[in-house]
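Listed below, chain by chain, are the residues.
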Amino acid sequence: MRFLVLGRGKTGSLVAEVATERKHHVRVAASKENVACAALTPENLRDIDAVIDFTAPHCAAANIEASVRAGKNMVVGTTGWYGEIDRIRNLVESQGTGMVYAANFSVGVNLFFEVARAAAAALRHDYSGQIFERHHVQKKDAPSGTAIAIQKVIREAAHANEDLEITSFREGDVVGLHEVVFESAADRIYLCHDAKSRRGFAEGAVRAAEWLAGKKGCYDFKDIWREL
Ligand SMILES: NC(=O)c1ccc[n+]([C@@H]2O[C@H](COP(=O)([O-])OP(=O)(O)OC[C@H]3O[C@@H](n4cnc5c(N)ncnc54)[C@H](OP(=O)(O)O)[C@@H]3O)[C@@H](O)[C@H]2O)c1
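Overview of the structure. Here the structure is a predicted model, which means the values were calculated and not measured.

Calculation rules
Residues numbered from 1 in each chain as written. Predicted model: local features only at pLDDT ≥ 70, side-chain atom pairs only at ≥ 80, totals over all residues. Heavy atoms only, no water. Helix = DSSP H or I, 4+ residues; strand = E, 2+ residues; numbered from the N terminus. Rg over C-alpha atoms; globule rule 2.2 N^0.38 Å. Buried < 20%, exposed > 50% of the residue type's maximum accessible area, 1.4 Å probe, protein only. Contact = heavy atoms within 4.5 Å. Areas by Shrake-Rupley, 256 points an atom, 1.4 Å probe, with all protein chains shown as cover. Salt bridge = Lys/Arg side-chain N within 4 Å of Asp/Glu carboxyl O. Pairing = 2+ DSSP bridges. Axes fitted to C-alpha atoms, helices over the stretch in contact; angles between N-to-C directions. Left-handed = near helix turned anticlockwise from the far one by under 90°. Near = heavy atom within 4 Å. Polar contact = N/O pair within 3.5 Å; in protein donor to acceptor, adjacent residues only side chain to side chain.

**Considerations on the overall build of the protein**
Broken down by element type, the protein carries 7 helices and 10 strands. For the protein, whose C-alpha radius of gyration is 18 Å, the value lies close to the compact-globule estimate of 17 Å for 228 residues. Counting only C-alpha atoms and orienting by the principal axes, one finds that the protein spans roughly 65 × 40 × 30 Å. Counting the 228 residues in the protein, one finds 50% classified as buried. Across the protein, the fraction of contacts at a sequence separation of at least 24, relative to all contacts at a separation of at least 6, is 69%. Surface accessibility of the protein: about 11,000 Å² in total, with carbon and sulfur atoms responsible for 49%.

**With respect to the pattern of salt bridges**
Applying the stated criterion across every chain, the model contains 19 salt bridges. Note that Glu65 and Arg87 form a salt bridge whose closest N and O atoms lie 3.0 Å from each other. Highlighted residues: Glu65 in helix H2 (residues 57-69) and Arg87 in helix H3 (residues 85-95), separated in sequence by 22 residues. The salt bridge involving Glu114 is made with Arg226; its shortest N-O contact spans 2.9 Å. Here the residue Glu114 occupies a position in helix H4 (residues 107-119), and Arg226 occupies one in the segment after helix H7 (221-224), the gap between them amounting to 112 residues. In the salt-bridge network here, residues are joined through shared partners; they are Glu65, Arg69, Glu84 and Arg87.

**So, the side chain of Thr11**
With respect to the element layout, Thr11 can be found in helix H1 (residues 10-21). Among residues more than four places away in sequence, those in contact with Thr11 are Phe54, Arg198 and Phe201.

**As for the sheet that holds strand S1 (residues 2-6)**
Across the sheet, which stays open at both edges, the 6 strands sit in the order S2-S1-S3-S4-S5-S10 with parallel pairing between neighbours. Unpaired on one side and paired on the other, strand S2 (25-29) and strand S10 (217-220) mark the two borders of the sheet. Put simply, the sheet's adjacent strands are angled 15 degrees from each other on average, direction ignored. Where strand S3 (residues 50-53) meets strand S4 (residues 73-76), 4 bridges bridge the pair, whose relative direction is parallel. What sits directly across from Ala50, in S4, is Asn73. Sheet strands in contact with H2 are S1, S3, S4 and strand S5 (98-101), and its direction is about 165 degrees off that of S4. Where H3 meets the sheet, it contacts S5 and S10, and its direction lies at approximately 150 degrees from that of S5.

**Focus: the packing of H4 against helix H5 (residues 145-158)**
Two elements in contact, H4 and H5, have axes whose closest approach is 9 Å; the angle formed by their N-to-C orientations is 30 degrees. The crossing of H4 and H5 is right-handed. From H4, Val109, Phe112, Phe113, Ala116 and Arg117 reach across to H5, where they touch Thr146, Ala149, Ile150, Val153, Ile154 and Ala157.

**Notes on the site of the ligand**
Lining the immediate surroundings of the ligand are 23 residues, of which Lys10, Thr11, Ser31, Thr79 and Phe105 lie closest. With respect to the ligand, the side chain of Thr79 contributes an N or O atom lying 2.8 Å from an oxygen atom. A distance of 3.0 Å separates an oxygen atom of the ligand from a polar atom in the side chain of Lys139. Within the complex, 77% of the 920 Å² of free accessible area of the ligand lies under protein.

Given below as structure tokens:
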């Protein structure tokens, strides 16, 4: 397939590397080449099958809009724009293109969501819950999209609008660590996912782009990763 990767940062670079390893043709547009979505005109996207976005919260929605209007499928790894999800979903559906988005494209984290979902029963048995997340100091959004997703999964599974506070730490070059702690008067339950590298994110995003070929509509990776 032919991919345009938006963002030549820590994750975008690895996405390009993984896609090349999987025998795809890859072009990368960094911020300089994509001022006001210049890389995303129908002309520039003519020979592209899907656009993969790992940029920054301030430009993600505009990148999606431009790619969708050019009729292209989109995989969005960038976080921090989900306030616009309803508008974007309507746009994708009305234009007849396909999109997969996720706060976290790692299969391991998506398994962790299942673990958290099962453990959420604790909230109905006199446990209180807390979420902690640690990331590198350059991360622009807090709390992390993954922590917010874990909070949502637990609240939905527990059928409780419990106070489930998220505490964020920004330190060193931590790739991404998420902990869920349930505490009762009698004991404490710890769940932890610790990303060792960004490779899991990159592989998930590339495999999502392969999966999306020929599909229409807006998908959350947590609902489709089992099909990869
Ligand atoms: N979903 C997941 O699995 C996952 C995993 C890791 C990260 N993320 C998210 O992905 C995003 C990127 O993370 P990162 O760690 O790779 O950040 P990063 O190292 O800061 O890289 C972001 C890159 O995007 C570039 N950029 C900014 N605006 C752009 C635009 N309009 N067009 C093209 N490129 C643009 C930046 O260039 P300049 O420096 O020149 O501005 C920078 O090189 C963040 O939102 C992060 O939370 C998601």
